[in-house]
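Tertiary structure, described
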Amino acid sequence: MTDAYEIVIDKIQESKLSHTDFDNLTFGKTFTDHMLECTWRDGKWETAVIKPYGPIMVEPSCKVFHYGQAIFEGMKAFKDDAGDVFLFRPEDNWIRFNESAKRLAMPEVPEEVFIEGLKTLVNLDKDWVRHGEGLSLYLRPFMIASENGVAAAPSTEYKFMIVMSPAFAYYKGDVRVIIASDYSRAADGGVGYAKAAGNYAASFYPNNLALAEGYQQIIWSDAASHEYLEEAGTMNIFVRIGDTLLTAPNNDRILNGVTRRSVLQLAKDAGLTIEERRISVKELNEAAQNGSLKEIFGSGTAAVIVPIKGYKHKDFKYELPILEDSYAEQFKTALKDIQYNRADDQHGWRVKI
Ligand SMILES: Cc1ncc(COP(=O)(O)O)c(C=O)c1O
């Protein structure tokens, strides 16, 4: 379409900003003044509307409640020292969103609705993007099947929406993980690569079992053999053996992470040895036993990089060493410096609002 994509804007009468206690936020519980809503009906997208954040009316027979046609994205906006606001690689999220849509038989969302919608919404609520170390605005574009009726068939109506929540420096304490040897997150030919709501629902029960054992996350292994590492609940996984950086290749069971892709590029820029290949649990355990396993870390939008302190696989437990020259720390600093406009953006990842 054209540059002048039109979005209808209905502004809130009084901002909630002055009543918001930014020092005591719980992640994902507080939402900004506005949200975006765009309906797909009769085979086309209607005009997107930005309006005050609030409840939406849906009937109990709404298809999303029955057949789970629901997808989402997770991204962030950052404010630099001068007060300018940036998105990080938003096109990548848009592309991935539409890959998810396709897999769930949902309509693809045009670039102007997703990207221009995001930019307009963030710009309108830019005072909600706080400036400071680790502070950001978490952006949640999502789409649900909104047709009424319980026939098991794809919906003929959908709602694309964006809501936004102020986020703070993310520190959850030490993270130890269990490598899955029983439950699976995704299977060949399934929806693992899509950001489908049901993938997360399916992981909650095994994750609760892990939590009860004192482990904060699960590293999923391949469903067929449980012998190869895949990804964690909301993070892709990297392993450092010696000085080689390893990560599982993308496949139809793994979410193609934007942070993962960025880490791989930074590692390439730094001249590190990288191997994108299957990593077996056997290889990991052997490296742990012979001392060559130096780091495991997760990568994802929420926490950027999360160092893993220890892992358990069946009866084998291992605590990772504390390193002075950790790759995890280097990548975290480098990525945050780009996101907060403190470093050159060689790859054009920042998008100014
Ligand atoms: C299952 C899963 N894997 C990996 C990631 C990391 O992806 P990204 O770096 O794009 O946030 C996420 C979070 O979005 C996720 O939900």
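Please refer to the structure placed before this passage.
Here we summarise the structure given alongside this text. Model, not experiment: these values are computed from the prediction. (Residues numbered from 1 in each chain as written. Predicted model: local features only at pLDDT ≥ 70, side-chain atom pairs only at ≥ 80, totals over all residues. Heavy atoms only, no water.)

1. Some words on the packing of helix α2 (residues 90-103) against helix α3 (residues 111-124)
The line we're drawing: What counts as an axis is a line fitted to C-alpha atoms, over the stretch in contact for a helix, and the angles between N-to-C directions run from 0 to 180 degrees. Counting from the N terminus, the helices are the DSSP runs of H or I reaching at least four residues and the strands are the DSSP runs of E reaching at least two. Convention used here: angles under 35 degrees read as roughly parallel, angles over 145 as roughly antiparallel, angles from 65 to 115 as roughly perpendicular, and any remaining angle as oblique. In this scheme, a crossing is called left-handed if the near helix is turned counterclockwise away from the far one by less than a right angle; it is called right-handed if the turn is clockwise. By definition, residues are in contact when any of their heavy atoms lie within 4.5 Å.
Between α2 and α3, the least distance of the axes is 10 Å, while the angle of their chain directions is 140°. One element, α2, and the other, α3, form an angle in the oblique class. When you trace α2 past α3, the crossing you get is right-handed. Between α2 and α3, the residues in contact are P90, E91, N93, W94 and F97 and E111, F114 and I115, respectively.

2. Quick notes on helix α5 (residues 258-269)
For clarity, the cut-off: Helix span, as expected, comes to 1.5 Å for every residue beyond the first. When accessible area is computed with a 1.4 Å probe and restricted to protein chains, residues below 20% of their type maximum are described as buried, those above 50% as exposed, and intermediate ones as partly exposed.
Taking 1.5 Å per residue as the helical rise, α5 with its twelve residues ought to reach 16 Å, and the 17 Å between its terminal C-alpha atoms agrees with that figure. Within the span of α5, buried status applies to V258, T259, R260, S262, V263, L264, L266 and A267. Once α5 finishes, G271 follows within two positions and takes phi at roughly 75°, a positive value.

3. Topic: the site of the ligand
As a reminder, the rule being used: Only heavy atoms are used to decide nearness, and a residue is near a molecule or strand if one of them lies within 4 Å of it. Residues adjacent in sequence count toward polar contacts only when both atoms are side-chain atoms; beyond that, a polar contact is any pair of N or O atoms within 3.5 Å, and within protein one must be able to donate a hydrogen and the other to accept it. Only the protein chains shown count as cover for residues, and all accessible areas are computed by the Shrake-Rupley method using a 1.4 Å probe.
Neighbouring the ligand are 17 residues, the closest being K195, Y200, E231, T259 and T301. Measuring from an oxygen atom of the ligand, one finds a side-chain N or O atom of K195 at 2.8 Å. Here an oxygen atom of the ligand sits 2.6 Å away from a polar atom, N or O, in the side chain of T301. For the ligand, whose unbound accessible area comes to 390 Å², protein coverage reaches 97%.

4. Let's talk about a nonpolar patch on the surface
Put simply, the rule reads: Note on patches: the residues involved have over 30% relative accessible area and no salt bridge, like charges join within 9 Å, and the nonpolar side chains Val, Leu, Ile, Met, Phe, Trp and Tyr join within 5 Å. Within this document, salt bridges are pairs made up of a side-chain nitrogen of Lys or Arg and a carboxyl oxygen of Asp or Glu, the two lying within 4 Å of each other.
On the surface, a cluster of nonpolar side chains totalling about 250 Å² of accessible area is made up of I56, V58 and F65. Considering the arrangement of structural elements, one finds F65 in helix α1 (residues 63-67).

5. Let's talk about the side chain of S155
Inspection of the secondary structure assignment puts S155 in the loop between β8 (136-145) and β9 (158-167). When sequence neighbours within four positions are dropped, the list of residues in contact with S155 reads K63, Q69, A145, S146 and E147.

6. Topic: the pairing of strand β15 (residues 273-276)
What counts, and what does not: Here, strands pair whenever DSSP counts at least two bridges between them. Orienting the strands away from the viewer, one traces the path from the first strand over the helix to the second; a clockwise path indicates a right-handed crossover.
Sheet topology places strand β14 (residues 244-247) next to β15; four bridges connect them, and they run parallel. The partner of L245 across the bridge, within β15, is I274. As a crossover connection, the stretch from β14 through α5 into β15 is right-handed.

7. What to know about the environment of A343
Along the chain, A343 falls in the loop between α7 (327-339) and β19 (350-352). Residue classification places A343 among the partly exposed positions, given a relative accessible area of 26%. With residues near it in sequence (within four places) discarded, A343 still touches D337, I338 and R350.

8. Observations regarding the pairing of strand β11 (residues 217-221)
Of all five residues in β11, five are buried, a share of seventy percent or more. Residue alternation in β11 divides its side chains into two sets, Q217, I219 and S221 and I218 and W220, and both sets are buried. Bridge count between strand β10 (residues 175-179) and β11: three bridges; the pairing is parallel. For I178, the partnering residue across the bridge sits in β11 and is I218. Viewed along the sheet, the connection from β10 through helix α4 (residues 197-212) into β11 turns out right-handed. Note: β11 against strand β12 (residues 229-232), two bridges, orientation antiparallel. By the bridge assignment, I219 is partnered in β12 with A232.

Keep in mind that these numbers describe shape and distance, not what the molecule does.
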